[in-house]
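# Residue-level structural notes
Residue strings, one per chain:
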Amino acid sequence: MALSASSPSSSFLRGSFTSHELKAPWIHSVRLLDQCSVPRDSYSRKFLAKPICVEQKRSDSVVPLAATLVAPEVEDRIETEDYEKLAKEMEQASPLEIMDKALEKYGNDIAIAFSGAEDVALIEYAKLTGRPFRVFSLDTGRLNPETYQFFDTIEKHYGIQIEYMFPDAVEVQALVRSKGLFSFYEDGHQECCRVRKVRPLRRALKGLRAWITGQRKDQSPGTRAEIPVVQVDPSFEGMDGGVGSLTKWNPVANVEGRDIWNFLRAMNVPVNSLHSQGYISIGCEPCTRSVLPGQHEREGRWWWEDSNAKECGLHKGNIKQEEVAQLNGNGKHTNESDTVIDIFNSQNVVTLSRSGIENLARLENRREPWLVVLYAPWCRFCQAMEESYVELAEKLAGSGVKVGKFRADGEQKAYAQQELHLGSFPTILFFPRHVAIPIKYPSENRDVDSLMAFINALQ
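Here the structure is a predicted model, which means the values were calculated and not measured.

## A look at the overall build of the chain
- A count of helices and strands for the chain gives 15 helices and 11 strands.
- By the burial criterion, 51% of the 459 residues in the chain qualify as buried.
- Accessible surface computed for the chain: about 21,600 Å², of which carbon and sulfur atoms make up 48%.

In structure tokens:
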């Protein structure tokens, strides 16, 4: 991961430094003012009368300083701070305020994690603060061509150099030779992500005291709903080593996806061309696909796995121990309780109990066909299709097709997996009139028209 620093120029500063101008001699890490290139524009000079021109210092750190102008050095050690208290104080702060606070506090020892997706908003916010900033990205070697092109566009647009971090070639070679190029489709994505993303990230973060991510609470079911705007990183270590040596800042934690896109459009920010093809959350090419109507944005990632496993390990601290147990089939999801607000609430949707769906499944000659969704109310993928499912139920009212729902998490999950073809939430089943075995809806396109076509084909 390579970290990049931007010029301190902002939208309200006209002048800027260019790499060929920074050629004067260096004294320690600071260049003499009278040898430093200063923008000639009088308006810019008003703000940059005494610039600090810091050389790209040589370092043994695995994270090179690739910027033409870097932030002022900060003290060797950050004063201990109560980040839980800080997070509460900044809970209502805007992303711009949070970004400004982070860059001010850590100077050159903080960097923005950029994946090539909509987190380009972070770079725009950093630019608007007027402060120098660094950007890094993990090049797994398996990104889409469009993503690599986007990296180049962003570098030129902001005048920065993204600092790239690559996986260890020996580790990648060993994985591919022993398990093939696509082992993650069979045994889960965690091992591949660990080699191509987590370990490179760990090496990169050892050169920092803090990092900035584009995590949002609305992104992933079960794993990101409680992320604070700032926290001590629970999984990785910073340059000082040890627990608590790295801070993670999440400036857009409280921002919804649609508001991020409104911001990008308003500021005319370049975006990855994959977004126009239906991609929202963008990762490696083999593990990412576009989302369909009625799907949650995160369903485009590792679509063959359970809906709760949509993390690659970069933010594994989001997953609590109870949730790990759930992923292993050993416990309940922390949100699975009677206090969770139920979904698919409509007079046209019948709530089925365990005995009710057992009776329905046993019938060989049903008087009416049934469409039933197996769901968990805490699952954002289920929540994403709620509107279309309720609308479908209204259309089918009086048609002779019954529409139902069965909550299949918690104690009912094992039964649903064994008897009802539950793979992940949501699973949609059609129970025909004269066929005993229910038919699983094979598509992930959950809009009304697609579901209606499925029903009409089987009546």
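## Comments concerning the packing of helix 6 (residues 169-179) against helix 8 (residues 190-205)
- Their axes nearest at 10 Å, the elements helix 6 and helix 8 cross at an angle of 170°. Considering their axes alone, helix 6 and helix 8 lie roughly antiparallel with respect to each other. In this structure, helix 6 uses Glu171, Val172, Leu175, Val176 and Lys179 to contact helix 8, whose residues at the interface are Glu191, Cys192, Val195, Arg196 and Arg199.
- Of the residues belonging to the contact of helix 6 with helix 8, the class tally is five nonpolar, no polar and five charged.

## Section: empty space enclosed by the protein
- Taken as a whole, this structure holds five cavities of 30 Å³ or more when the rule is applied.
- Computed from the structure, the second largest cavity encloses a volume of approximately 120 Å³.
- Together, Arg142, Phe184, His189, Cys192, Cys193, Arg196, Lys197, Cys284, Pro286, Cys287, Arg301 and Trp302 line the second largest cavity.
- Counted by class, the lining of the second largest cavity contains seven nonpolar, one polar and four charged residues.

## Digging into the pairing of strand 1 (residues 110-113)
- Both faces of strand 1 are covered, namely the face carrying Ile110 and Ile112 and the face carrying Ala111 and Ala113.
- Bridge count between strand 1 and strand 4 (residues 210-212): three bridges; the pairing is parallel. Considered in strand 4, the bridge of Ile112 is made with Ile212.
- Running through helix 4 (residues 120-129), the crossover from strand 1 to the neighbouring parallel element strand 2 (residues 135-138) is right-handed.

## Quick look at the state of the cysteines
- Per the counting criterion, the structure on display carries zero disulfides.
- The thiol of Cys192 is not disulfide-bonded; the next cysteine sulfur, from Cys193, is found 5.9 Å away.

## Examining the sheet that holds strand 5 (residues 230-232)
- What the six strands build is an open sheet, ordered 3-2-1-4-6-5; its pairing is mixed. Either end of the sheet is taken by a strand with one partner, and the two such strands are strand 3 (163-165) and strand 5. Adjacent strand axes in the sheet meet at a mean angle of 30° when their direction is disregarded.
- Judged from the three bridges that link them, strand 5 and strand 6 (residues 247-249) form a sheet pairing that is antiparallel. The partner of Val232 across the bridge, within strand 6, is Thr247.

## Examining the nonpolar core
- The biggest cluster of nonpolar side chains holds 42 residues, and the ones touching the most others in it are Phe114, Ile154, Ile212 and Trp249.
- The element contributing the most residues to this core is helix 4, with seven residues.

## Notes on helix 3 (residues 95-106)
- Relative to the 16 Å expected for 12 residues at 1.5 Å per residue, helix 3 spans 17 Å between its end C-alpha atoms, a close match to the ideal helical length.
- Turning to helix 3, its buried residues number three or more, namely Pro95, Ile98, Met99, Ala102, Leu103 and Tyr106. Down the axis of helix 3, the buried side of the element spans an arc of 125°, and every buried residue falls inside it.
- Contacts made by the buried residues of helix 3 are with helix 2 (83-89), strand 1, helix 4, strand 4 and strand 6.
- Just downstream of helix 3, Gly107 is the residue with a positive phi angle, here 55°.

The rules behind the values
- Throughout this description, residue numbers start from 1 for each chain and increase along the sequence as written.
- Totals for whole chains, interfaces and linings use every residue, but because this is a predicted model, local features are given only for residues with pLDDT of at least 70 and side-chain atom pairs only at 80 or more, for both listing and counting.
- Side-chain descriptors were evaluated using all non-hydrogen atoms of the structure, hydrogens and water having been removed beforehand.
- Secondary structure follows DSSP: runs of H or I at least 4 residues long count as helices, runs of E at least 2 residues long count as strands, and numbering of each begins at the N terminus.
- Only protein chains enter the accessibility calculation, which uses a 1.4 Å probe; a residue is then buried when its area is under 20% of its type maximum, exposed when over 50%, and partly exposed in between.
- Working definition of accessibility: Shrake-Rupley area with a 1.4 Å probe, residue cover restricted to the visible protein chains.
- Think of each axis as a best-fit line through the C-alpha atoms, taken over the contacting stretch in the case of a helix, with angles from 0 to 180 degrees between the N-to-C directions.
- Any angle between 65 and 115 degrees counts as roughly perpendicular, while under 35 counts as roughly parallel, over 145 as roughly antiparallel, and the rest as oblique.
- Throughout, a contact is declared for two residues whenever any of their heavy atoms are within 4.5 Å.
- Only Asp, Glu, Lys and Arg are considered charged in this grouping, and only Ala, Val, Leu, Ile, Met, Phe, Trp, Tyr, Cys and Pro are considered nonpolar; every other residue, Gly among them, is considered polar.
- A cavity here means a set of 1 Å grid points, computed over protein atoms only, where a 1.4 Å probe fits but cannot escape. A pocket is an open set with protein on both sides within 12 Å along at least 5 of 7 lines, and lining residues have an atom within 4 Å of a point.
- Grid points are joined across faces, edges and corners, and a volume is the space filled by probe spheres set on the points.
- A pair of strands is considered paired only if DSSP assigns at least 2 bridges between the two.
- Consider the strands pointing away from the viewer: the crossover is right-handed when the path from the first strand over the helix to the second runs clockwise.
- The disulfide definition used here is simple: a pair of cysteine sulfur atoms within 2.5 Å.
- Throughout, nonpolar core names a set of buried Ala, Val, Leu, Ile, Met, Phe, Trp, Tyr and Cys residues whose side chains join them through atoms within 4.5 Å.
- Any helix carries an expected span of 1.5 Å times its number of residues minus one.
- The directions from the helix axis to the C-beta atoms form the arc being described.

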